[in-house]
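Geometric and topological summary
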Amino acid sequence: MKAAVYYRTGGPEVLSYEDVADPEPGPHDVLVRAEAISIEGGDTLSRARGELTSTPHVVGYQCAGRVVAAGAEATRFGPGERVVTVGLDGSHAELRAVPEAFCWPVPDDLSIEEAACIPVPFGTADDCLFEFGRLEAGQTVLVHAGASGVGLAAIQLAKQAGARVFATASSPAKLERLGEFGLDEGIDYVHDDFVAEVRRLTGGRGADVVVDSVGGTTLQGSLACLAYRGRCVTLGDADRGAVESIDVSGLRISNQVLAGYFMGAELVTGERVAAVVARHIEDVAEGRLRVVIDRTFPLAEAAAAHAYIESRQAFGRVVLIP
């Protein structure tokens, strides 16, 4: 099969398009021919500095396509069925073997490209807001990187839950577009101090929940703009900046919470998140939630697609097509 692979971590230029051996499905796995591959933020971070579990390495959390074979003990899906899949790696390829427990059926009226963009962003956003953030109607939430996949999902879910929604983005143009997804107040982090803006917009109170996919120095600011008993959920390191330590001493004074989140850990420990993802796949199929695809690239141009994401131009997801 063809795949986007690398032999060492680094910038997008380490990716090359090569022939590699087809994956072999285990007894509980399905083998899927990819038709659309959503590039997740974790994919670019893994390529930049993650662990190489194989050489050459095929990166990638998420893709959708059709089942071509199933292991002896995999009974949920048969050949020809459309599924969207999640795994720790292996999505940037024509074929992928993945446990059937990490697959969801794709409804007939949902495009394969949209389906490829749902599980990680919407599952992550839902858990950060409600399971770990305990967001309630009438509360205020700050979503960092509002134009990202997780950001767009979180804005929609928070608004539907009756929250007041703030988000950061790198330009006024992105913030303006976010209005149609439920954004109440936008903050241009390039020109404005987001901590000061959150305090100003809330009359000094702060945000009840912060969803922080940026990390680095931004995470310290996220803690600084929490309200009394506020909750900050950190889920990524998009700014890639090294931070020696985070000062959490202020959390005690205001009974605040800092929680970390990784959806993969929740998937392997129970069926709760799998049910959440299934619900949101139906929500998108029936028009209650929206997936935004900024651009598509051929799988052969995975390096250019990763570079485009890291240029921070994208609004929504970037998808590879094998």
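Just above sits the structure.
Residues numbered from 1 in each chain as written. Predicted model: local features only at pLDDT ≥ 70, side-chain atom pairs only at ≥ 80, totals over all residues. Heavy atoms only, no water.

Moving on to the packing of aromatic side chains. In the structure shown here, the tally under the stated rule is three aromatic pairs. A ring pair is formed by Phe181 and Phe315, whose centres lie 6.3 Å apart and whose planes are at 45°; its orientation type is tilted. Of this pair, Phe181 sits in the loop between helix H5 (172–178) and strand E11 (185–188) while Phe315 sits in the loop between helix H11 (302–310) and strand E16 (317–321); the two residues are 134 residues apart in sequence, bridging distant segments of the chain. Across the pair, Phe315 and Phe181 agree in class, each one buried. An angle of 50° between the planes, with centres 6.0 Å apart, marks the rings of Phe297 and Tyr308 as tilted. Here Tyr308 lies in helix H11 and Phe297 lies in strand E15 (residues 293–298), a separation of eleven residues in the sequence. Side by side, Phe297 and Tyr308 carry an identical accessibility label, which is buried. When the ring centre of Phe315 is taken as reference, the NZ or CZ atom of Arg177 above it lies at 3.8 Å. (Phe/Tyr/Trp six-rings, centres within 6.5 Å; stacked < 30°, edge-to-face > 60°. Helix = DSSP H or I, 4+ residues; strand = E, 2+ residues; numbered from the N terminus. Buried < 20%, exposed > 50% of the residue type's maximum accessible area, 1.4 Å probe, protein only. Lys NZ or Arg CZ within 6 Å of the ring centre and 35° of its normal.)

Turning to its location among the elements, Pro23 is positioned in the loop between strand E2 (16–19) and strand E3 (29–38). For the pair Pro23 and Leu95, spaced 72 residues apart in sequence, the C-alpha to C-alpha distance is 7.0 Å. The contacts of Pro23, once residues within four sequence positions are left out, are Met1, Leu31, Leu95, Arg96 and Ala97. (Contact = heavy atoms within 4.5 Å.)

So, on to helix H4 (residues 149–160). With twelve residues, H4 should reach 16 Å at 1.5 Å per residue; the first-to-last C-alpha distance of 17 Å fits that figure. With ten of its twelve residues buried, H4 lies for the most part within the structure. Packing partners of the buried residues in H4 comprise helix H3 (119–131), strand E9 (140–143), strand E10 (164–169), H5, helix H10 (272–285) and E16. Immediately downstream of H4, the backbone of Gly162 shows phi near 90°, a positive value. (Expected span 1.5 Å × (residues − 1).)

Direction vectors running N to C along helix H1 (residues 41–49) and H11 enclose 110°, while the axes themselves pass 11 Å from each other. Considering the angle they form, H1 stands roughly perpendicular to H11. On H11, the residues that touch Asp43, Thr44 and Arg47 of H1 are His306, Ile309 and Glu310. (Axes fitted to C-alpha atoms, helices over the stretch in contact; angles between N-to-C directions. Parallel < 35°, antiparallel > 145°, perpendicular 65-115°, else oblique.)

Any two side chains of opposite charge can pair, given that their charged atoms come close. With the rule as written, the count across this model stands at 15 salt bridges. We note a salt bridge from Glu35 to Arg66, for which the minimum N-O separation is 3.4 Å. In this pair, Glu35 is assigned in strand E3 and Arg66 in strand E5 (residues 62–70), connecting sequence segments 31 residues apart. Residue Arg66 is classed as partly exposed on the basis of its relative accessible area of 36%. The salt bridge partner of Arg272 is Asp127, with a shortest N-O separation of 2.7 Å. Taken as a pair, Arg272 in helix H10 and Asp127 in helix H3 lie far apart in primary sequence, 145 residues in all. Since its relative accessible area comes to 31%, Arg272 is described here as partly exposed. (Salt bridge = Lys/Arg side-chain N within 4 Å of Asp/Glu carboxyl O.)

Our next topic: the sheet that holds strand E1 (residues 2–6). Reading across from one edge, E2-E1-E4 is the order of the three strands in this open sheet, with antiparallel pairing throughout. In the strand order of this sheet, the two ends are held by E2 and strand E4 (57–58), each with one partner. Relative to E2, E1 runs antiparallel, the two sharing four bridges. Residue Ala3 lies in a different strand from E2, and its bridge partner there is Glu18. (Pairing = 2+ DSSP bridges.)

Here Gly11 lies in the loop between E1 and E2. With relative accessibility at 21%, the residue Gly11 sits in the partly exposed group. Distance in space between the C-alpha atoms of Gly11 and Glu310 is 9.6 Å, their sequence separation being 299 residues.

Formed by 62 residues in total, the largest nonpolar core has its most connected members in Val30, Trp104, Leu110, Leu129, Val141, Leu178 and Leu267. Counting residues per element, this core draws most heavily on H4, which supplies seven residues. Not counting residues up to four positions away in its chain, the partners in contact with Trp104 are Phe77, Arg82, Val83, Val84, Val86, Pro119, Leu267, Ala274, Val277, Ala278 and Ile281. Within the second largest apolar cluster, 17 residues are counted, among which are Ala4, Tyr6, Ala34 and Tyr308. (Core = buried A, V, L, I, M, F, W, Y, C linked by side-chain atoms within 4.5 Å.)

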